[in-house]
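Working through the structure, step by step
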Amino acid sequence: MNLTFVMQVYVFMLAAFVGYQVIARVPSLLHTPLMSAANAITGISLVGSLVAAGGPYSQTSHILGMVAVTAASINVVGGFLITDRMLRMFKKKDRGAKP
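Residues numbered from 1 in each chain as written. Predicted model: local features only at pLDDT ≥ 70, side-chain atom pairs only at ≥ 80, totals over all residues. Heavy atoms only, no water.

Check the secondary structure of the protein and you find 3 helices and 0 strands. Going residue by residue from the N terminus, the α and β elements of the protein occur as α-α-α. Rg of the C-alpha trace for the protein: 19 Å, well past the compact-globule value of 13 Å for 99 residues, more than 25% over. Structurally, the protein occupies a C-alpha span of about 70 × 30 × 15 Å along its principal axes. Per-residue burial for the protein yields a buried fraction of 15% across its 99 residues. (Helix = DSSP H or I, 4+ residues; strand = E, 2+ residues; numbered from the N terminus. Rg over C-alpha atoms; globule rule 2.2 N^0.38 Å. Buried < 20%, exposed > 50% of the residue type's maximum accessible area, 1.4 Å probe, protein only.)

To continue, consider the environment of Ala 37. You can see Ala 37 is positioned in helix α2 (residues 31-54). Along the backbone, Ala 37 and Val 26 are 11 residues apart, and their C-alpha atoms lie at a distance of 13 Å.

In this section: the side chain of Thr 42. Considering the arrangement of structural elements, one finds Thr 42 in helix α2. The exposure class assigned to Thr 42 is buried, which follows from its relative accessible area of 10%. Among the polar contacts listed, one links the side chain of Thr 42 to the side chain of Asn 75, at a separation of 3.3 Å. The residues touching Thr 42, leaving out its near neighbours within four places in the chain, are Ala 72, Asn 75 and Val 76. (Polar contact = N/O pair within 3.5 Å; in protein donor to acceptor, adjacent residues only side chain to side chain. Contact = heavy atoms within 4.5 Å.)

This brings us to the side chain of Ser 49. Along the chain, Ser 49 falls in helix α2. Within the structure, Ser 49 has its side chain in polar contact with the backbone oxygen of Leu 46 (distance 2.8 Å). Residues contacting Ser 49, with those up to four places away along its chain left out, are Gly 65, Ala 68 and Val 69.

A word on the environment of Ile 23. Within the fold, Ile 23 resides in helix α1 (residues 3-24). When its relative accessible area of 45% is taken as the criterion, Ile 23 is described as partly exposed. Between the alpha carbons of Ile 23 and Ser 61 there is a distance of 30 Å; along the sequence they are 38 residues apart.

Glancing now at the confidence of the model for the protein. Per-residue confidence for the protein gives a mean pLDDT of 83, with 93% of residues at or over 70. By mean pLDDT, α2 is the weakest element of the protein at 80, and α1 is the strongest at 89. (pLDDT = per-residue confidence, 0-100.)

Turning our eyes to something else, we now look at helix α3 (residues 59-89). Taking 1.5 Å per residue as the helical rise, α3 with its 31 residues ought to reach 45 Å, and the 45 Å between its terminal C-alpha atoms agrees with that figure. When we look at burial in α3, the residues that qualify are Gly 65, Val 69, Ala 72, Val 76, Gly 79, Thr 83 and Met 86. (Expected span 1.5 Å × (residues − 1).)

In structure tokens:
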């Protein structure tokens, strides 16, 4: 193993740990704005994965790029669905609507 690979694994593990700690400590009131920001960040990663999938790179990059596009797309759509569901919880219910 070379030093670059070890550093990349170290940064990945550190980012995963810090990300988990940050998300675990967010109060429920802030989840909707956090999801909106996460969707924006995932949109940026979706653009990057499209570049990796369609660029003039190796076959492995194309395959990993397609996996990244799929994962980022699922994340964006799921994030918007969850945000929409959370925002609907705060809307007033229409009681006794007249026909």
